[in-house]
Amino acid sequence: TRAPRADTARVTAEGGNRETRNAAVALADAWGPVAAQIDASYYDSGGYYLVSGGERVAFDTRADSRELNLGARTDWTLSPLVSATFGARYFDERRDNGTELTYNDTENFSAQAGIEGETSRGDGFRADVFGQIQGFDSTFSSQDRAVEIELPSLDQFDVPSGSIGASARWWREVRAEHLVLVGGDYSMAEGDTHEDFRYLDGGFTRRRKAGGREHLLGLYAQDIWRPAPRLELTAGIRVDYWRSEGGRRRERDTTSGAETID
């Protein structure tokens, strides 16, 4: 994302065939050590048929889509050597996937904060924290094009997920030839899915809930050596620890309520 600058405004408007439209606006300003920006964009397209005209049947539709983006960012100059930033974004998308019974919806919110700078000795550092939450819905179908029948096959009606993380790194120039960097990062992601499936006699007969959680922790070090003005050699090492936990899958019969898989 472009850094905020004082007294800045950008407006974009575009159009094309297949009912395609795109518009975006961004406004930024600065007040002493603080600069901020807000932006928004909207995209919409009527899309196109995924099947050629001679093979198209009654349930084929255009693969249209629309999406909305909203964002905000603030930068602070805390001192001549240190600055901080905070940003947040919202994203919403709807797609029709080429037939009457298939579509997907996505909604996402993310945020990030960071600080970076140098010390009086010339060392550099940066640290960040971040996170996001997301919702998702999607439908799938089975199609018999010979008799022009489309039936539902899977309904992912609630698929939430989220993640959080942090990273930090520090570097120092050792003499004039070596730049040493050390750092670490951590992230945790968690998600679930709720699905109806096994469509028989006009309705879904099974419901599934599944999900889990994953952790990733990494530590690394790197040395950049410049033995000559036009030669640079890099040596690095990284160690990762990974863990998956809380995995689960449960299914039940929607008619009787009986559990079929745990």
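Conventions and cut-offs
- Residues numbered from 1 in each chain as written.
- Predicted model: local features only at pLDDT ≥ 70, side-chain atom pairs only at ≥ 80, totals over all residues.
- Heavy atoms only, no water.
- Helix = DSSP H or I, 4+ residues; strand = E, 2+ residues; numbered from the N terminus.
- Rg over C-alpha atoms; globule rule 2.2 N^0.38 Å.
- Buried < 20%, exposed > 50% of the residue type's maximum accessible area, 1.4 Å probe, protein only.
- Contact = heavy atoms within 4.5 Å.
- Areas by Shrake-Rupley, 256 points an atom, 1.4 Å probe, with all protein chains shown as cover.
- Lys, Arg positive; Asp, Glu negative; His and termini not counted.
- Charge placed at Lys NZ, Arg CZ, Asp CG, Glu CD.
- Phe/Tyr/Trp six-rings, centres within 6.5 Å; stacked < 30°, edge-to-face > 60°.
- Lys NZ or Arg CZ within 6 Å of the ring centre and 35° of its normal.
- Salt bridge = Lys/Arg side-chain N within 4 Å of Asp/Glu carboxyl O.
- Pairing = 2+ DSSP bridges.

Quick look at the overall build of the chain
Part 1 of the reasoning: Counting its secondary structure elements, the chain contains zero helices and 13 strands.
Part 2 of the reasoning: Going from N to C terminus, the chain has its helices and strands arranged as β-β-β-β-β-β-β-β-β-β-β-β-β.
Part 3 of the reasoning: Taken over the C-alpha trace, the chain has a radius of gyration of 26 Å; the compact-globule value for 262 residues is 18 Å, which it surpasses by more than 25%.
Part 4 of the reasoning: Considering only C-alpha atoms, the chain reaches an extent of 75 × 50 × 40 Å along its principal axes.
Part 5 of the reasoning: Looking at the chain residue by residue over its 262 residues, the buried ones come to 27%.
Part 6 of the reasoning: Across the chain, every contact between residues at least 6 apart in sequence was considered, and the portion connecting residues at least 24 apart equals 54%.
Part 7 of the reasoning: About 16,200 Å² of surface is accessible on the chain, with carbon and sulfur atoms providing 55% of the total.
Part 8 of the reasoning: Where the 32 positive side-chain charges of the chain centre and where its 44 negative ones centre are 4 Å apart.

Examining the packing of aromatic side chains
Part 1 of the reasoning: Summed over all chains, the structure comprises one aromatic pair.
Part 2 of the reasoning: With a centroid separation of 5.3 Å and 75° between ring planes, the pair formed by Tyr199 and Phe204 is classed as edge-to-face.
Part 3 of the reasoning: According to the relative accessible area criterion, Tyr199 is partly exposed, its value standing at 26%.
Part 4 of the reasoning: Among the residues examined, Phe204 registers a relative accessible area of 22% and is labelled partly exposed.
Part 5 of the reasoning: One cation-aromatic arrangement involves Arg56 over Tyr49; the distance from NZ or CZ to the ring centre is 3.8 Å.
Part 6 of the reasoning: Lying over the aromatic face of Phe197, Arg208 brings its terminal NZ or CZ to 4.0 Å of the ring centre.

Overview of the pattern of salt bridges
A side chain with one charge can pair with a side chain of the opposite charge if their charged atoms come near.
Part 1 of the reasoning: Under the criterion given, the structure shown has 25 salt bridges.
Part 2 of the reasoning: In this structure, Glu93 engages Arg95 in a salt bridge whose closest nitrogen and oxygen atoms are separated by 2.9 Å.
Part 3 of the reasoning: With a shortest N-O distance of 2.6 Å, Asp253 and Arg206 are connected by a salt bridge. Here Asp253 is found in strand S12 (residues 231–253), whereas its partner Arg206 is found in strand S11 (residues 203–228), with 47 residues between them in sequence. Take Asp253 and Arg206: they sit in the same class, and that class is buried.

A short note on the pairing of strand S3 (residues 34–45)
Part 1 of the reasoning: Bridge analysis of strand S2 (residues 20–31) against S3 gives eleven bridges, and the strand direction is antiparallel. Following the sheet pairing, Ala23 is matched in S3 by Tyr42.
Part 2 of the reasoning: The antiparallel pairing of S2 with S3 creates a hairpin that spans two residues between the two strands, and Gly32 there sits at a positive phi of about 60°.
Part 3 of the reasoning: Here twelve bridges tie S3 to strand S4 (residues 65–79), and the two strands are oriented antiparallel to one another. Of the residues in S4, the one forming a bridge with Ala35 is Asp75.

Remarks on unusual backbone geometry
Among all residues save glycine, negative phi is the norm, and among peptide bonds the norm is trans.
Part 1 of the reasoning: Unusually for a residue other than glycine, Arg18 sits at a positive phi of about 55°.
Part 2 of the reasoning: Residue placement: Arg18 occurs in the loop between strand S1 (8–16) and S2.
Part 3 of the reasoning: Accessibility expressed as a relative area gives 45% for Arg18, which makes it partly exposed.
Part 4 of the reasoning: Backbone geometry places Glu148, a non-glycine residue, at a positive phi of 60°.
Part 5 of the reasoning: Here Glu148 lies in the loop between strand S7 (124–144) and strand S8 (149–158).

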